[in-house]
Amino acid sequence: MQYVTLNNGVEMPILGFGVYQIPAEDTERAVSDALAAGYRLLDTAAAYGNEEAVGRAIRSSGIPRADLFVTTKLWVQDAPAEDNTRRAFGTSLDKLGLDHLDLYLMHQPFGDVYGQWRAMEALGREGLARAIGVANFYPDRLLDLIANNEITPAVNQIETHPFFQRADYQALMSEHGVRIQSWGGFAEGRNDLFTDPLLTGIGQAHGKSVAQVVLRWLVQRGVVAIPKSVRPERMAENIDVFGFELTDDQMTRIATLDTGDSLFFDHHDPEVVTWLAKRRLDA
Ligand code: NAP
């Protein structure tokens, strides 16, 4: 496994396992399979409803805690967000059965963002979260957050895949010491990603699948990836991307697939903002 060093010195695997949309009843088995396949970075969220199952899989694996890199995410909080964020963090830790997190992310750039971030900074200073970061922050929100707070997010987890590549934004984040992490690295299969002719041709040249080409392309760009699969054979395929290298020409050709637009939702769209900013978790 390759690692990246975050802006506070913490080391993070460049490839991990995401559990979004895995039903709670299937998550323990999926995470156990992923750990057996060699994944050490796990990415969940309070909003996914499967933190307890992730925790059970961690405990039954017997893998030393120090060898794991566990991320979960804070959902949108009402003011006073300092109190609510600390409570939400405690709930996530309890559900996971852990005494600290490796990375705690603000899931959406909505709610009492500054109160949430100040509480997260405190959790970071206390060592309860080894690193803190954000998700779904577009440049306007990210730069404002950086300009007005002490701790710069270590990570921004954003939609990043061959059809929405974020290269310019990655360069901007890099200038500020923020590591890009891809969500939806396969675009969840949208735009017929897995049968895309260009990606298929590049895969054939290396004897690799489209999934492996996409993950190799992300890793080679320094983008942390967290592919999701419930199938052990795909988990094994998706982590097997360190034994080949895409050529400069192949990287350039993949760059032509970029549409510059989200395939999911734009966090500037008023309907999306209203939907996410008002959503609250039940528990
Ligand atoms: P994704 O990883 O882009 O795609 C997952 C889909 O690809 C599943 O349908 C999976 O099916 C399929 N797949 C996986 N490996 C494959 C392979 N080798 N060949 C063919 N198909 C394959 O989607 P995602 O789960 O949305 O994104 C990854 C992670 O990012 C999430 O799990 C979550 O942790 C994180 N995320 C974060 C946010 C955020 O707002 N911060 C948003 C979305 C996602 P099977 O399971 O049937 O194999």
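The preceding data block contains the structure.
Anyway, here's the lowdown on the structure attached to this text. (Residues numbered from 1 in each chain as written. Predicted model: local features only at pLDDT ≥ 70, side-chain atom pairs only at ≥ 80, totals over all residues. Heavy atoms only, no water.)

1. Brief notes about the site of the ligand
Link 1 in the chain: Around the ligand, a shell composed of 27 residues is seen, among which Asp43, Glu188, Lys228, Ser229 and Arg234 lie nearest.
Link 2 in the chain: Within the contact set of the ligand, an oxygen atom lies 3.5 Å away from a backbone nitrogen or oxygen of Gly18.
Link 3 in the chain: At a separation of 2.8 Å, a nitrogen atom of the ligand approaches a polar side-chain atom of Gln157. (Near = heavy atom within 4 Å. Polar contact = N/O pair within 3.5 Å; in protein donor to acceptor, adjacent residues only side chain to side chain.)

2. Some details on the pattern of salt bridges
Link 1 in the chain: Within this structure, the stated rule accounts for 12 salt bridges.
Link 2 in the chain: Put simply, Asp102 and Arg65 hold a salt bridge, and the shortest N to O gap is 2.8 Å. One end of the pair, Asp102, is in the loop between helix H3 (81–96) and strand S6 (103–106); the other, Arg65, is in the loop between helix H2 (51–61) and strand S5 (69–74), and 37 residues separate them in sequence.
Link 3 in the chain: As a salt-bridge pair, Asp102 and Arg130 come within 2.8 Å of each other at their nearest N and O atoms. Taken together, the residues Asp102 in the loop between H3 and S6 and Arg130 in the loop between helix H4 (113–125) and strand S7 (132–135) connect sequence positions 28 residues apart.
Link 4 in the chain: Relative accessible area serves as the criterion here: at 2%, Asp102 is assigned to the buried category. (Salt bridge = Lys/Arg side-chain N within 4 Å of Asp/Glu carboxyl O. Helix = DSSP H or I, 4+ residues; strand = E, 2+ residues; numbered from the N terminus. Buried < 20%, exposed > 50% of the residue type's maximum accessible area, 1.4 Å probe, protein only.)

3. Regarding the sheet that holds strand S9 (residues 179–183)
Link 1 in the chain: Read from one edge to the other, the open sheet built from eight strands follows the order S3-S4-S5-S6-S7-S8-S9-S10, with strand pairing classed as parallel. Since the sheet does not close on itself, it has two edges, and those belong to strand S3 (17–18) and strand S10 (224–225), each with one partner.
Link 2 in the chain: Relative to S5, strand S4 (residues 41–43) runs parallel, the two sharing three bridges. Across the sheet, the residue bridging to Leu42 is Val70, located in S5. (Pairing = 2+ DSSP bridges.)

4. With respect to the side chain of Lys73
Link 1 in the chain: Of note, Lys73 is situated in strand S5.
Link 2 in the chain: Overall, the relative accessible area of 0% leaves Lys73 in the buried class.
Link 3 in the chain: There is a polar contact of 2.6 Å between the side chain of Lys73 and the side chain of Asp43.
Link 4 in the chain: Only 3.0 Å separates the side chain of Lys73 from the side chain of Tyr48, close enough to count as a polar contact.
Link 5 in the chain: When near neighbours in sequence (up to four residues on either side) are disregarded, Lys73 contacts Asp43, Thr44, Ala45, Ala46, Tyr48, Tyr104, Leu105, His107 and Gln157. (Contact = heavy atoms within 4.5 Å.)

5. Some details on the pairing of S6
Link 1 in the chain: Neither face of S6 is left uncovered, since the one carrying Leu103 and Leu105 and the one carrying Tyr104 and Met106 both have all their residues buried.
Link 2 in the chain: By the bridge criterion, four bridges tie S5 to S6 in an arrangement that is parallel. By the bridge assignment for S6, Thr72 is matched with Tyr104.
Link 3 in the chain: Note on the crossover from S5 through H3 to S6: the handedness is right-handed.
Link 4 in the chain: In this sheet, S7 lies alongside S6 in parallel orientation, the contact comprising three bridges. Bridge assignment links Met106 to a residue of S7, and that residue is Val134. (Right-handed = clockwise from strand over helix to strand, strands pointing away.)

6. Some details on the nonpolar core
Link 1 in the chain: Within the largest apolar cluster, 82 residues are counted, with the highest numbers of intra-cluster contacts made by Leu6, Met12, Phe17 and Tyr104.
Link 2 in the chain: Considering every element that reaches this core, the biggest residue donor is helix H8 (residues 210–220), with eight residues.
Link 3 in the chain: Apart from residues no more than four positions distant in its own chain, Met12 is found in contact with Gln2, Tyr3, Val4, Leu6, Leu41, Phe69, Leu103, Val155, Gln181 and Val224.
Link 4 in the chain: Among the nonpolar cores identified, the runner-up in size contains five residues, and Trp75, Val76, Phe110 and Val272 belong to it. (Core = buried A, V, L, I, M, F, W, Y, C linked by side-chain atoms within 4.5 Å.)

7. A short note on the environment of Ser92
Link 1 in the chain: By secondary structure assignment, the location of Ser92 is in helix H3.
Link 2 in the chain: Looking at Ser92, the relative accessible area reads 2%, which means it is buried.
Link 3 in the chain: Ignoring sequence-local partners within four residues, the contact set of Ser92 consists of Ala46, Glu51 and Thr72.

8. A few points about the packing of helix H7 (residues 197–206) against H8
Link 1 in the chain: It is the contact of H7 with H8, at a shortest axis distance of 8 Å, that shows an interaxial angle of 90°. Considered as vectors, H7 and H8 are oriented roughly perpendicular to each other. Along its contact with H7, which presents Leu199, Thr200, Ile202 and Gly203, the element H8 presents Val210, Val213 and Val214. (Axes fitted to C-alpha atoms, helices over the stretch in contact; angles between N-to-C directions. Parallel < 35°, antiparallel > 145°, perpendicular 65-115°, else oblique.)

Fair warning: the whole summary comes from geometry, so function is off the table for now.
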